[in-house]
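Each chain, written out:
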Amino acid sequence: MKPQEIQHVQHSFAGVFARKADLAERFYVHLFTRLPEARGMFRGNFVKQKAMLTAMIAACVRNLDNPQTLAELSARLAQDHAHLDLGARESEAAKRALIAALRDVLGPALDLETETTWANAISRVAGTMTRH
Ligand code: HEM
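Quick notes on the rules
- Within each chain, residue numbers correspond to sequence positions counted from 1 in written order.
- Totals for whole chains, interfaces and linings use every residue, but because this is a predicted model, local features are given only for residues with pLDDT of at least 70 and side-chain atom pairs only at 80 or more, for both listing and counting.
- Side-chain metrics in this entry use all non-hydrogen atoms of the structure; hydrogen atoms and water are not considered.
- When we say a residue is near a molecule or strand, we mean one of its heavy atoms is within 4 Å of it.
- Whenever two N or O atoms come within 3.5 Å, that pair is a polar contact, provided that in protein one can donate a hydrogen and the other can accept it, and provided that, for residues adjacent in sequence, both atoms are side-chain atoms.
- Strands are runs of DSSP state E lasting at least two residues, helices are runs of H or I lasting at least four, and both sets are numbered from the N terminus onward.
- Throughout, the ten residues Ala, Val, Leu, Ile, Met, Phe, Trp, Tyr, Cys and Pro are labelled nonpolar, Asp, Glu, Lys and Arg are labelled charged, and all others, Gly among them, are labelled polar.
- In this scheme, a residue with accessible area under 20% of its type's maximum is buried, one over 50% is exposed, and one in between is partly exposed, where area comes from a 1.4 Å probe on protein chains only.
- Any N, O or S atom lying within 2.8 Å of the metal counts as a donor, and for Na, K and Ca the limit rises to 3.2 Å; water is left out, so some sites can look incomplete.
- Axis lines are fitted through C-alpha atoms, for helices just across the contact stretch, and the angle between N-to-C directions can take any value from 0 to 180 degrees.
- Roughly parallel means an angle under 35 degrees; roughly antiparallel means over 145; roughly perpendicular covers 65 to 115; every other angle is labelled oblique.
- Crossings are assigned a handedness: left-handed for a near helix turned anticlockwise from the far helix by less than a right angle, right-handed for a clockwise turn.
- Contacts: residue pairs with any heavy atoms within 4.5 Å of one another.
- By this rule the span expected of a helix is its residue count minus one, scaled by 1.5 Å.
- Here the arc refers to the directions that run from the helix axis out to each C-beta atom.
- Note on aromatic pairs: the rings of Phe, Tyr and Trp (six-membered ring only in Trp) are paired at centre separations within 6.5 Å, and the planes decide the class, stacked below 30 degrees, edge-to-face beyond 60, tilted for the rest.
- The rule for a charge over a ring is simple: NZ of Lys or CZ of Arg within 6 Å of the ring centre, and within 35 degrees of the ring normal.

Lining the immediate environment of the ligand, one finds 19 residues, of which Arg43, Gly44, Gln49, Asp80 and His81 sit closest. Within the backbone of glycine 44, a nitrogen or oxygen atom sits 2.8 Å from an oxygen atom of the ligand. Side-chain polar atom of histidine 81 to a nitrogen atom of the ligand: 2.8 Å apart, as the coordinates give it. In terms of residue count, helix H3 (residues 46–62) provides more of the shell around the ligand than any other element does, four residues in total. Looking at the shell around the ligand residue by residue, the classes come out as 13 nonpolar, three polar and three charged.

Written as structure tokens, this is what we have:
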């Protein structure tokens, strides 16, 4: 990603951060619509889960220009999801769910350019969660 694309994603995330609880809520609504079987995988406290999701997204966004930290975050995500044996279908569903959640929260502020740069950023991280 080019530095200005990274800045674009970071700037757009700044507009979402104040509404991060909404973002997480919408992410799981979209994820479970696309992947109903995923609902049963969550065993823990879902309020805490939502906070961990947005904290992870925030850390990734903050470190898009820091390859080493981004690789560490990706490795942590891969480890946290390893027992689930997720594949390309699940990673695609996660990408689409996050874009759809951003659209719900940002509305028209999610223009085509912002959406494309987000999709690019998500692909860099989400692809590492899958085993096949
Ligand atoms: C944008 C993509 C995703 C991000 C950023 C993300 C992030 C996270 C984080 C931060 C955790 C908490 C790890 C911990 O306990 O410290 C987690 C747990 C989990 N994630 Fe994800 N996740 C993503 C996609 C998915 C997908 C696609 C699925 C399922 C199809 C999934 C299923 C789970 C499950 C089942 C847990 C464990 C929950 C529990 O133990 O109850 N995640 N995820």
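Moving on, there is more to tell.
So, on to unusual backbone geometry. The backbone of aspartate 85 shows a phi angle near 55°, a positive value even though the residue is not glycine. If you trace the backbone, aspartate 85 turns up in the loop between helix H4 (67–81) and helix H5 (88–106). For aspartate 85, a relative accessible area of 42% gives the class partly exposed.

In an ideal octahedron of six donors the angles at the metal are 90 or 180 degrees, and in an ideal tetrahedron of four donors they are 109.5 degrees. Just one protein atom coordinates the iron atom of the ligand, and that atom is His81 (NE2), at 2.0 Å. Secondary-structure assignment places histidine 81 in helix H4.

Before going further, it helps to spend a moment on the packing of helix H1 (residues 3–17) against H3. Running from amino to carboxyl end, H1 crosses H3 at an angle of 150°, the nearest separation of the two axes being 10 Å. Considering their axes alone, H1 and H3 lie roughly antiparallel with respect to each other. The handedness of the crossing between H1 and H3 is left-handed. Residue-level contacts link Val9, Gln10, Phe13 and Phe17 of H1 to Ile57, Ala58, Val61 and Arg62 of H3. Split by residue class, the contact of H1 with H3 holds six nonpolar, one polar and one charged.

Take helix H6 (residues 112–126) next. The terminal C-alpha atoms of H6 lie 20 Å apart, and with 15 residues this matches the ideal 21 Å at 1.5 Å per residue to within 8%. Among the residues of H6, those classed as buried are Thr114, Thr117, Trp118, Ala121, Ile122, Val125 and Ala126. Buried positions in H6, seen along its axis, are confined to an arc of 160° and lie on one side of it. The exposed set on the far side of H6, more than 90 degrees from its buried face, consists of Leu112 and Glu113.

One pair of aromatic rings is described through two measures. These are the centre distance and the angle between the planes. Considering all chains together, one arrives at nine aromatic pairs under this definition. A connected cluster of aromatic rings, assembled from ring pairs, spans Phe27, Tyr28, Phe32, Phe42 and Phe46. One Lys or Arg, lysine 20, reaches over the ring of phenylalanine 17 and ends 4.7 Å from the middle of that ring.

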